Structure formats: C-alpha cells, structure tokens
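# Remarks on the overall topology
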Amino acid sequence: MTSTLKFIEKDFKSTLFPLKTNLIMAQYHGNEISDYIYQKVLNDAHGGDNFLSQQKVYATKPRGHLRRTVKLDPVAEYFIYDLVFRNKSIFRSQVSDTRRSFGYRFVNGTFIPVHEAYAEYNKHLNKCAGDYQHSIQFDVASYFNSIYHHDLSHWFSGKDAVSEIDSNAAGKYFREINSGRSVDFLPHGIYPCKMIGNEFLKVVDLTGTLKSSQVVRFMDDFTLFDNNPDVLKQDFIKIQQLLGKFALNINPAKTYYDNKVGDLQGTLSDIRKSLKEIVTDYEEVHTASGVELIETETEEVLSLSKDQVDSLLNLLKNDDLEESDADLILGFLRSHSDSLLELLPILLNRFPNLIKHIHSVCAGITDKNGLSKVIYDYLNSGTNFLEYQLFWLGAILEDYLTGKNLYGESLIKVFELSVDYKISRAKILEIPEQGFGLKEIRDEYLKTGQSDWLSWSSAIGSRTLQASERNYALNYFSNSSPMNFLVSSCVQKI
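Now for a description of the structure that goes with this document.

## Brief notes about the overall build of the chain
- Across its full length, the chain holds 24 helices and 9 strands.
- Taken over C-alpha atoms, the radius of gyration comes to 24 Å for the chain, in line with the 23 Å a tight globule of 494 residues would show.
- On the principal axes, the C-alpha backbone points of the chain span a range of 75 × 60 × 35 Å.
- A buried classification covers 56% of the 494 residues belonging to the chain.
- Pairs at least 24 residues apart make up 74% of the contacts formed inside the chain by residues separated by at least 6 positions.

## Considerations on the packing of helix H2 (residues 20-41) against helix H22 (residues 453-461)
- Close contact between H2 and H22 brings their axes to 10 Å; oriented N to C, the two are set at 60°. Taken together, the axis directions place H2 and H22 in an arrangement best described as oblique. Of the two possible hands of crossing, H2 and H22 adopt the one that is left-handed. Residue-level inspection shows Thr21, Asn22 and Ile24 of H2 in contact with H22, the latter providing Trp453, Ser457 and Ile460.

## Quick look at the nonpolar core
- Among the nonpolar cores identified, the biggest contains 153 residues, and Ile80 and Leu316 are the most heavily contacted of them.
- Once residues lying within four places of it in the same chain are set aside, the contact partners of leucine 316 are Leu321, Ala326, Ile329, Leu333, Leu340, Leu343, Ile346, Leu347 and Arg350.

## Quick notes on the environment of phenylalanine 436
- With respect to the helices and strands, phenylalanine 436 occurs in the loop between helix H20 (422-429) and helix H21 (438-447).
- Phenylalanine 436 sits 24 residues away from isoleucine 412 along the chain, and the two C-alpha atoms are 7.5 Å apart.
- Excluding anything up to four places from it in sequence, phenylalanine 436 contacts Tyr407, Gly408 and Ile412.

## Concerning the sheet that holds strand E3 (residues 99-101)
- Strands sit in the order E3-E7-E8-E6-E9 across an open sheet of 5 strands; the sheet is mixed. Each edge of the open sheet is held by one strand with a lone partner, namely E3 and strand E9 (256-257).
- Relative to strand E7 (residues 214-218), E3 runs parallel, the two sharing 3 bridges. Paired with serine 101 across the two strands is arginine 217, which belongs to E7.
- Sheet strands in contact with helix H4 (residues 114-131) are E3, E7 and strand E8 (221-226), and its direction is about 155° off that of E7.
- Those strands touched by helix H10 (residues 229-244) are strand E6 (134-139), E8 and E9, and its axis lies near 20° from that of E6.

## Focus on the pairing of strand E2 (residues 66-71)
- As judged from the 6 bridges shared by strand E1 (residues 55-60) and E2, these two strands associate in the antiparallel manner. Each bridged residue has a counterpart across the sheet, and for alanine 59 the counterpart in E2 is arginine 67.
- Hairpin connection between E1 and E2: a loop of 5 residues separates the two successive antiparallel strands, and arginine 63 in this loop has a positive phi of roughly 60°.

## Comments concerning the side chain of glutamate 398
- Considering the arrangement of structural elements, one finds glutamate 398 in helix H18 (residues 387-400).
- Ignoring anything within four residues of it in the chain, the contact list for glutamate 398 reads Lys20, Lys427, Ile431 and Pro432.

## Here we look at empty space enclosed by the protein
- For the structure on display, the rule yields 3 cavities of 30 Å³ or more.
- Put simply, the largest cavity is a space of about 90 Å³.
- For the largest cavity, the full set of lining residues is Thr15, Leu16, Phe17, Thr69, Val70, Lys71, Leu72, Glu77, Pro187, His188, Gly189 and Ile190.
- It is E2 that contributes the most residues to the lining of the largest cavity, 3 residues altogether.
- Counted by class, the lining of the largest cavity contains 6 nonpolar, 4 polar and 2 charged residues.
- Its boundaries defined by the atoms lining it, the second largest cavity holds a volume of some 40 Å³.
- If you trace the second largest cavity, you find it lined by Ile8, Phe12, Thr15, Phe17, Pro18, Leu19, Lys71, Glu77 and Tyr81.
- Looking at side-chain class alone, the lining of the second largest cavity contains 6 nonpolar, 1 polar and 2 charged residues.

## Things to note about H2
- The first and last C-alpha atoms of H2 sit only 23 Å apart over 22 residues, clearly below the 32 Å expected at 1.5 Å per residue.
- Of all the bends in H2, the greatest, near 95°, is centred on histidine 29.

## Observations regarding the packing of aromatic side chains
- Under the definition given, this model contains 37 aromatic pairs.
- Summarising the aromatic geometry, the rings of tyrosine 118 and phenylalanine 218 are spaced 5.3 Å apart at their centres and angled 90° between planes, so their arrangement reads as edge-to-face. Here tyrosine 118, found in helix H4, pairs with phenylalanine 218, found in strand E7; they are 100 residues apart in sequence, far enough to count as distant.
- Members of the aromatic cluster, joined through ring pairs, are Phe7, Tyr81, Phe85, Phe102, Tyr104, Phe106, Phe111, Tyr118, Tyr121, Tyr191 and Phe218.

Each value, and the rule that gives it
Residues numbered from 1 in each chain as written. Predicted model: local features only at pLDDT ≥ 70, side-chain atom pairs only at ≥ 80, totals over all residues. Heavy atoms only, no water. Helix = DSSP H or I, 4+ residues; strand = E, 2+ residues; numbered from the N terminus. Rg over C-alpha atoms; globule rule 2.2 N^0.38 Å. Buried < 20%, exposed > 50% of the residue type's maximum accessible area, 1.4 Å probe, protein only. Contact = heavy atoms within 4.5 Å. Axes fitted to C-alpha atoms, helices over the stretch in contact; angles between N-to-C directions. Parallel < 35°, antiparallel > 145°, perpendicular 65-115°, else oblique. Left-handed = near helix turned anticlockwise from the far one by under 90°. Core = buried A, V, L, I, M, F, W, Y, C linked by side-chain atoms within 4.5 Å. Pairing = 2+ DSSP bridges. 1 Å grid on protein atoms, 1.4 Å probe; cavity = no way out; pocket = protein on both sides within 12 Å on 5 of 7 lines; lining within 4 Å. Points joined across faces, edges and corners; volume = space filled by probe spheres on them. Nonpolar A, V, L, I, M, F, W, Y, C, P; charged D, E, K, R; others polar. Expected span 1.5 Å × (residues − 1). Bend = angle between axes of the 7 residues up to and from the residue. Phe/Tyr/Trp six-rings, centres within 6.5 Å; stacked < 30°, edge-to-face > 60°.

As structure tokens, this is what we get:
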C-alpha cells in the first residue's frame, strides 16, 4: 500500500481535478480501500460490490475547446494507481535509438517527471531537425477518448508479466467505470493512465516495416525524420493504416510537413518576436498535445530585470495576445507574481484555460487580501463560468486565501455557481471550513442518504468538527452504501 500511496501523493498536484477527498482516503484508509477492492469488488461472490460509474467532467483546452473525461471516485482512483504500480515492469523504455518514445514510466522505483521527459524529448527533436532534411509531425485525434476498451483490455492481458487476476480486474474496471460504453472510458490527466496510453502506442514503435531514419514520439505526438520525403510519406500511410486497426485517426489540422520543429505556425507572431527580444535566452519549442506548459516547467527561477518584467507585463495587456503566449509569459513571471496582481482580472476573463497556471502563480502573490478581492470581483462579474474554472477558483481560495477578506463570501459564490457541476461543488464541500453556512449545507447532504460526490465530500469536509458532532451525522450517512461506509470510517479515524 505504501508505494501506491507515494505514487498517488506525488502525482496529486499534476492532475486535472485534484480533489483532496481522494488523497485523504488514500492516506488514512488505503488498506481498507485495497481490502474492499480485492476482497469484494473483484470477488464474484459479492455481486453487489462493483466499480461505480464515474462522474463526467470537462477540463478546458485552448481556444474554448473542452476536454471530456471523468473524475474517479476514491476506490476507482486508488485501484488504477495500484494496478499500474504493481505492473510497472510492463511499461518499457524506448524500442531503440531510432524508435524513441519519452517518459510515462518508472525508473529506479519512481516515475519520470513530465518536465524531465519533455526536456529530453525536445532536445532529441532539435538534434533530429539538424540531422535530417525532411520531417512529418502529426498526432492522434482525441486519443484518450477514442481508445476501444476491448483493445486495451486485450493488450493488457497479453503481457506475460500480468497475472490473470489483474487482467480480469482491468477488464472489469474499464467496463464498469463507463457503464459498459466501450469508448471514452480512459481517464485523462493522471499519470497511471498516461502510462497506459503511452505504452499502448508502442505498437507503432515496434512495427518493423517503417523505414524512416527516426520515429520520435511523446504520447500520441509523432515526428518522423528522414532525408527522403518519399520514405516519410510511405511511413505516414503505414502508421495511419496501423492505427486504423484500433479505430484511431490522425488529426489533419495538426499534421505538418517540413515545418521547423517548434514553429508550427511557420512564422512567429509579433507577440512571440517581442517575447524573444525581451527574454533573449528563450527558445521556441514544440508543444505536444495534451501536455500543459505548467507540467513541463521546472522550479528554476528565471532572473529578470525590472525592465524585462515591465515589458512582459505590457505584453500581457496587448489585445492581440494569444493564449499560448500568455501561458508562456506567466511561466517567465512566476518569481514576480506580485507584479501580476493588477493583470489577473484581464487574464481570468480572457483566458479561462489558464486557470490552473494562474492557481500556481497565486502562490507567490503576497497581497492575499488584494488577491481575494480580485477573485471575489471576478466571481460576481457574471454567471458564465466553466466547470474547470470554478474548481480551480475553489482551490485558490482553499490553498492561499483561507481567513482573508471575502474568503467566505467567495466560497459560497463558487458553491452557488457550481449548481450544475458536482465536482466543482465537491471541491467547496471538502474544504474543512465550518462557517458561512457550509456546515449546515453539508448536514443536508449527509442526511439524505445519497451516495455521490456531494455526500462524500461533505463527509470529508466535516473532519474538523468535534468527534461527537461529526460522528452522529456520519453514522447515518454510512448506512447508505459501501462507499459511504468507507468514507465515513476514514473520517472517523482523523
């Protein structure tokens, strides 16, 4: 259990919807969750215990697009981390020096951080761009949403190192978390599923008929290199045919022939030119789909002069600023977060996809009451908020603004705005704040007998109450379902 817990803890902050309910359950009740999974859920004698159908959620993507996925409940999330960790030996390194894939595996007992794998990937791309005259770049369209669960189950069970018990368990898991629907089942944004998605595509790396001098891959982003353009075109056709066997398709809008690596638009925008003039050691790099800029950054502090900071802040005010440019500038200004406070209203309104990066930047803002006022004003500026925005605004309030001015008012506002978004509302309910009417709101969810995210997070949010008051409500809540019982038992330990 301990190693699985470490895996969960290290990956927690990188996930799309990091609800602390799941983390607390794993930390305090991991053994009991494991026993429930392997003794009841996976035991045919317990027909009433199964993996639950998971809650659909929508994270943001650039330019107003949404990423459809699921938020796993505490049992389902624990299982996938545990399954992958115990079978980590099947997730192998690159096929060869000419068939390279990067990251999403374990080395020396720990998983490779995304930023390390991404740096190595970009370094190799740049080397290949100098070594070969021609290239093709492409990615798989909606990869995680398109994988067929029988294909993935068959692939997993075909590994010699995987036991029959784990093979059957994985098939049951993939089937039940999506209510039997055979596609759109693989969760996004958590490392064990990224490991699965990355390893599944090694079927391309292992294909002996490809002739390109280099096949380079980061998850579902491919770049082929060779001096003969005809070889590249032939391999591109072969790869499409191979992927077609699994009902996977190439995204035509993201296919590029002989583009300079890292410059997919062909020419730099005026904003990007200005950026390169301000930060002279900045190097344009290729961005893999599904990888956030914030995931690829290290903790290294960029030393900037006051003039450079002022110039970057002026760029953020530019009406022509693209979302990717704003994302990049936020990364440069991470160590100058106080300078960003007055611009946060602009960024919050114009770039909803950057909310997770803004959450990270808020850690360095020292004027917390000023930040709290910005968040409060933004929440009261309208009602057209996305689920992902509301979740991360709740995270900003919990992580950085507890007890500051307008804290309670903002919590309640996020709660009210999340009426159609269970996971965003659960984010507020799990925060152990007992004032502002939240205790009474939780009591209502705990008394109804319901078993869903709103009741589970309410139970977790009650953890700081006096034991007698807390346990009275939890005893009734625990009777409604096995999940309720697990959550209640965990909270009563704390």
